[in-house]
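Breakdown of the fold
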Amino acid sequence: MKTYRIKLILGMAVVALVAATTNVSAKLLFHENFDYANDSQLSAAADWPTGTSIDGQLVVKSGDTAGDGGTASLGVAGIEGSGGRLIFTTTGTGSNTTRTYTLPAGKEVTGDGATFYTSFLYKPIAPPATPNQNFFMYTVTPSPPSANALMGRLIIHAAGGDTVFGAYLRAGSTKVLDTVGYPNGTTVYIVTKTTIVPGLTNNDTFEVWINPTPGGTETTPATVTSGPEVTGNDIDPVGGFTGMSWRIRGGDTRTGDAEIDELRIGTTWADVTAILTGSGGGDGDGDGDGDGDGDGDGDGDGDGDGGAGVPVAGMPVTGAIGLGLVAAACALGGSMFLRKKN
């Protein structure tokens, strides 16, 4: 499946009409395919400046064919990686490495009822040393105003020689584990959802889906959902969600060794579960266009003349309203064309 860019050249009246009647911007907040130099540390990447690092623990592999299908990337049916992949290695004793992606200013996800989704591919290389129900990923909320910044925690747990996933909201909350273990070398597709349930009444939730259908709809219930929340640690809707973080523990509390790929962050299920065909995309630099050149035009040539780019299957200007707007643009002297992105 190819990705296309849509460009509308409109008069000021049409621009005002579009702005007043529909939202034409994609909601995908971040897409990371780890397309960095081979053997580079994640801490050196522009989008991952925050956290503690231990050399050799968070390393990008993009110059080999040891991923899935003879490529440097990971993939499952419907999610074909591009670029490289991230290698987690729990070296040392009692080591703790974290690396955080922070949403650009103005893109924080706030308000009662807000949802924060992530999706990524996970291939266990070695399970945790002990069945310790540790966590290796969490949703970041500001502290203050939230009582604790490490909300929505994805558990990594050992079950024999397999890796088991689970969920809990934060320290002290009930940990809930899935019943299925995944052997080393098996790539798993993971989707998480953190929800600010209205009311500061210890009711926020963290849900995890294991191997949902890419391009499908959100299923209920999730594979595993966090247990009751600790008193006094609701996510404050004012601060909301500001990003997510990887976390590695070494020694006896280690989270195990793994490979990670195709991280996406969004505010809806569709944002993070759309089918990927290895063509890259997403908004890795926070300018809203997904091409990484920072100019916001979506065409990748850096000259600022393009339009915001979204996958054809996910164009927000659709249906009767969208077609009406396009027709109005053309009737008023505008033009529309599709630009192919290889």
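See the structure shown above.
Please read all numbers here as calculations on a predicted model, not as lab measurements.

What follows covers the nonpolar core. Counting 42 residues, the largest nonpolar core has Phe120, Phe136 and Trp246 as the members making the most contacts within it. In terms of residue count, the dominant contributor to this core is strand β17 (residues 257-266) (four residues). If we ignore the near neighbours within four places in the chain, the residues touching Trp246 are Leu42, Trp48, Leu86, Phe88, Thr97, Thr98, Arg99, Phe120, Phe136, Met137, Ile260 and Leu263. Counting residues in each nonpolar core, the second largest holds eleven residues, with Tyr117, Leu121, Val191 and Leu276 among its members.

The side chains of a regular strand alternate between the sheet's two faces. Of the two faces of strand β6 (residues 85-88), the one lined by Arg85 and Ile87 and the one lined by Leu86 and Phe88 are each fully buried. Where strand β3 (residues 58-61) and β6 come together, four bridges link them in antiparallel fashion. The residue bridging Val60 from the neighbouring strand is Leu86, located in β6. As paired elements, β6 and β17 share three bridges and run antiparallel to each other. Looking at β17, one finds that Ile87 is bridged to Glu259.

Using the criterion set out here, one finds five salt bridges in the structure. Lys61 is the salt-bridge partner of Asp39, the closest N and O atoms lying 2.4 Å from each other. Pair noted here: Asp39 is in the loop between β2 (30-32) and β3 and Lys61 is in strand β3, with a separation of 22 residues, a long-range link. Since its relative accessible area comes to 26%, Lys61 is described here as partly exposed. Across the salt bridge formed by Arg85 and Asp64, the nearest N and O atoms sit 2.9 Å from each other. Here Arg85 is found in strand β6, whereas its partner Asp64 is found in the loop between β3 and β4 (75-76), with 21 residues between them in sequence. Residue Arg85 is classed as buried on the basis of its relative accessible area of 3%.

Further remarks concern the sheet that holds strand β5 (residues 79-80). Note: strands within a sheet are paired through backbone hydrogen bonds, in either parallel or antiparallel orientation. Spatial strand order, β4-β5-β18: three strands in an open sheet with mixed pairing. Looking at strand neighbours, the two that pair on one side only are β4 and β18 (276-277), the edges of this open sheet. The pairing of β5 with β18 spans two bridges and is parallel. Across the sheet, residue Ile79 finds its bridge partner in β18, namely Leu276.

Moving on: the packing of aromatic side chains. For any pair of aromatic rings, geometry is given as the distance between the ring centres together with the angle between the planes. With the rule as written, the count across this model stands at 16 aromatic pairs. On the numbers, 6.1 Å between centres and 70 degrees between planes, the contact of Phe30 with Trp48 is edge-to-face. One end of the pair, Phe30, is in strand β2; the other, Trp48, is in the loop between β2 and β3, with 18 residues separating them in the sequence. One exposure class covers both Phe30 and Trp48, and it is buried. Their ring planes at 65 degrees and their centres at 5.2 Å tell us that Tyr122 and Phe136 sit as a pair that is edge-to-face. Of this pair, Tyr122 sits in strand β8 (residues 115-126) while Phe136 sits in strand β9 (residues 134-140), and the two are 14 residues apart along the sequence. In this pair, the class of Tyr122 matches that of Phe136, namely buried. In this structure an aromatic cluster arises from ring pairing among Phe88, Phe120, Tyr122, Phe136, Phe165, Tyr182 and Trp246. A cation sits over an aromatic face here: Arg247 above Phe135, 4.0 Å from the ring centre.

Next up on the list: the environment of Glu259. When you line up the elements, Glu259 lands in strand β17. Put simply, Glu259 and Leu58 are 201 residues apart on the chain and 9.6 Å apart in space, counted from C-alpha to C-alpha. In this structure, Glu259 is in contact with Leu74, Arg85, Leu86, Ile87, Leu121, Tyr122, Lys123 and Ile125, ignoring residues within four places of it in sequence. Only 3.1 Å separates the side chain of Glu259 from the side chain of Arg85, close enough to count as a polar contact.

What counts and how
Throughout, a residue's number is its position along its own chain's written sequence, starting from 1. Restriction of local features to residues with pLDDT of at least 70 applies here, the model being predicted, together with a cutoff of 80 or more for giving and counting side-chain atom pairs; totals for whole chains, interfaces and linings are based on all residues. Think of the side-chain values as coming from all heavy atoms in the structure, minus any hydrogens and water. Side-chain atoms within 4.5 Å link the members of a nonpolar core, which is a set of buried Ala, Val, Leu, Ile, Met, Phe, Trp, Tyr and Cys residues. Note on classification: 1.4 Å probe, protein chains only; a residue is buried when its accessible area is under 20% of the maximum for its type, exposed when over 50%, partly exposed between these limits. Every helix listed is a DSSP run of H or I at least four residues long, and every strand listed is a run of E at least two residues long, numbered separately from the N terminus. The contact criterion used throughout is that any non-hydrogen atoms of two residues lie within 4.5 Å. By this definition, two strands are paired if DSSP reports at least two bridges between them. Only one rule defines a salt bridge in this text: a Lys or Arg side-chain nitrogen within 4 Å of an Asp or Glu carboxyl oxygen. The criterion for an aromatic pair is that two Phe, Tyr or Trp rings (for Trp, the six-membered ring) have centres within 6.5 Å, with stacked assigned to planes under 30 degrees apart, edge-to-face to planes over 60 apart and tilted to the rest. By the criterion adopted, a ring carries a charge over it if an Arg CZ or a Lys NZ lies within 6 Å of its centre and within 35 degrees of its normal. N or O atoms within 3.5 Å of each other form a polar contact, as long as, within protein, one can give a hydrogen and the other can take it, and as long as residues adjacent in sequence are counted only when both atoms are side-chain atoms.

Note that all results are geometric; they support no functional claim without further evidence.
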